[in-house]
Amino acid sequence: MKQVLGDPLFKNGFMLCHTNALITREPIRILDYCKTAAGKPQWKIAQWCSRYNLANGTEFACPDASYEYRDEGKSLRVYPGKGEITLSLSASKEYERPRKESESWPHILLEQEFTEIIRLCETEEIISEVSFSIDKYRSAMTPEERTMLHTAQFQWFIAVRNENEKSEGFGDFFWFGLPFWDYPRYDFPPAFRAVDGGKEEHTGKFIDIVDGRDILDKPVMLGEKTHISVPIRERIREGFLIAKKNGFLKTSEWEDMYLGNTNIGFEVTGTFDVEVTINNINIFVKEGKKR
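Note that this is a predicted model, so its numbers are computed, not measured.

Caption draft 1: Examining helix H2 (residues 233-245) more closely. The end-to-end C-alpha distance of H2 is 19 Å, a good match for the 18 Å that 13 residues give at a rise of 1.5 Å each. Considered for burial, the residues of H2 that qualify are Arg-233, Ile-236, Gly-239, Phe-240, Ile-242 and Ala-243. Downstream of H2 by one or two residues, Gly-247 has phi in the positive range, about 95°.

Structure follows, in structure tokens:
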């Protein structure tokens, strides 16, 4: 099987996205480890809907050979060449009051566009693999304030996209998701199938998130390292068929679909401060006959 993620050891730094996708999705700064990054970044850091902008934050070269970027509400710390990154989001700095229905929520995500062309019908298997630990969780909400609207989600998404230029549905896509942590709502994040919405910035595309019980042996616990290695090829195909059944991807066929981009990280809809350390992130593909 071959690795299809570029720079899995984070040697090349990151492109930083704007806080507002409605303004631009183009990078606004390069996080280059105090100008020591080994090459051109393949990863992005997304900070959608944050009150603060890491572009205006601080950069530190730390004594342990890591690099840290920090603003008032977020931080990331990277160990170049080791494939380890810590993402932190303090929603207690982001929210002035408990979030209400239809209001935006802050993200901190590790993102990448797939540069290698991976046509799904020509794969035999795809494996998503990652190790992580949730290192911090703190609630700044009272029990009376918290509802099912309020949570902290750590999850991994892949955009599955129609890349057939001859297809009427060229460019259309859906989101396939692996849920790891949805706290304090659930021990095991449930399956979720719906349109991407709920805030001003959204794609309007179908989301297919698998049931956490299908990929987790036990609930993710604070401070414990979790390793995930899960086959997703047939799960993606099932998500594609469900999306079509629900009225999406009407002019797309399975033979048109490719891996588009991927993101992993936090979306925090409640007033919670969270931190995760991610390492050994991989997507392996085994090619096969068309099916």
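Caption draft 2: Structural detail: the environment of Phe-10. Along the chain, Phe-10 falls in the loop between strand E1 (2-3) and strand E2 (14-16). Non-local contacts of Phe-10, meaning those with residues more than four positions away in its chain, are made with Tyr-33, Trp-43, Val-78, Pro-80, Gly-81, Gly-83, Glu-84, Ile-85, Leu-110 and Ile-281.

Caption draft 3: Structural view of the sheet that holds strand E16 (residues 257-268). Read across the sheet, 9 strands follow the order E3-E2-E4-E9-E16-E11-E12-E14-E13 without closing on themselves; strand pairing throughout is mixed. With one partner strand each, in any of the chains shown, strand E3 (29-31) and strand E13 (192-195) form the two edges of the open sheet. Ignoring which end each strand starts from, the neighbouring axes of this sheet average 25° apart. Note: strand E9 (residues 107-113) against E16, 7 bridges, orientation antiparallel. Its bridge partner lying in E16, Glu-113 is registered against Asn-261. Here H2 sits on the sheet and contacts strand E11 (152-162), strand E12 (173-183), E13, strand E14 (206-209) and E16; the angle it forms with E14, its principal contact strand, is near 140°.

Caption draft 4: Highlighting the state of the cysteines. This structure, assessed with the given rule, holds 0 disulfides. Cys-17 carries a free sulfur, and the closest cysteine sulfur to it, the one in Cys-49, is 12 Å from it. Lacking any disulfide linkage, Cys-34 is separated from the closest cysteine sulfur, that of Cys-62, by 8.9 Å. Overall, Cys-34 belongs to the partly exposed group, its relative accessible area being 33%.

Caption draft 5: Molecular detail of the environment of Glu-124. By secondary structure assignment, the location of Glu-124 is in strand E10 (residues 123-139). In this view, Glu-124 contacts Arg-233, Lys-286, Glu-287, Gly-288 and Arg-291; residues no more than four positions away in its chain are not counted.

Caption draft 6: Summary view of unusual backbone geometry. In this structure, the amide linkage connecting Tyr-183 to the following residue, Pro-184, adopts the cis form with an omega of 15°. If you trace the backbone, Pro-184 turns up in the loop between E12 and E13. The phi dihedral of Cys-34 falls on the positive side, at around 55°, and the residue is not glycine. Along the chain, the position of Cys-34 falls in the loop between E3 and strand E4 (43-46). One non-glycine residue, Lys-35, lies in positive phi territory at about 65°. The exposure class assigned to Lys-35 is exposed, which follows from its relative accessible area of 74%.

About the criteria used
- Residues numbered from 1 in each chain as written.
- Predicted model: local features only at pLDDT ≥ 70, side-chain atom pairs only at ≥ 80, totals over all residues.
- Heavy atoms only, no water.
- Helix = DSSP H or I, 4+ residues; strand = E, 2+ residues; numbered from the N terminus.
- Expected span 1.5 Å × (residues − 1).
- Buried < 20%, exposed > 50% of the residue type's maximum accessible area, 1.4 Å probe, protein only.
- Contact = heavy atoms within 4.5 Å.
- Pairing = 2+ DSSP bridges.
- Axes fitted to C-alpha atoms, helices over the stretch in contact; angles between N-to-C directions.
- Disulfide = S-S within 2.5 Å.

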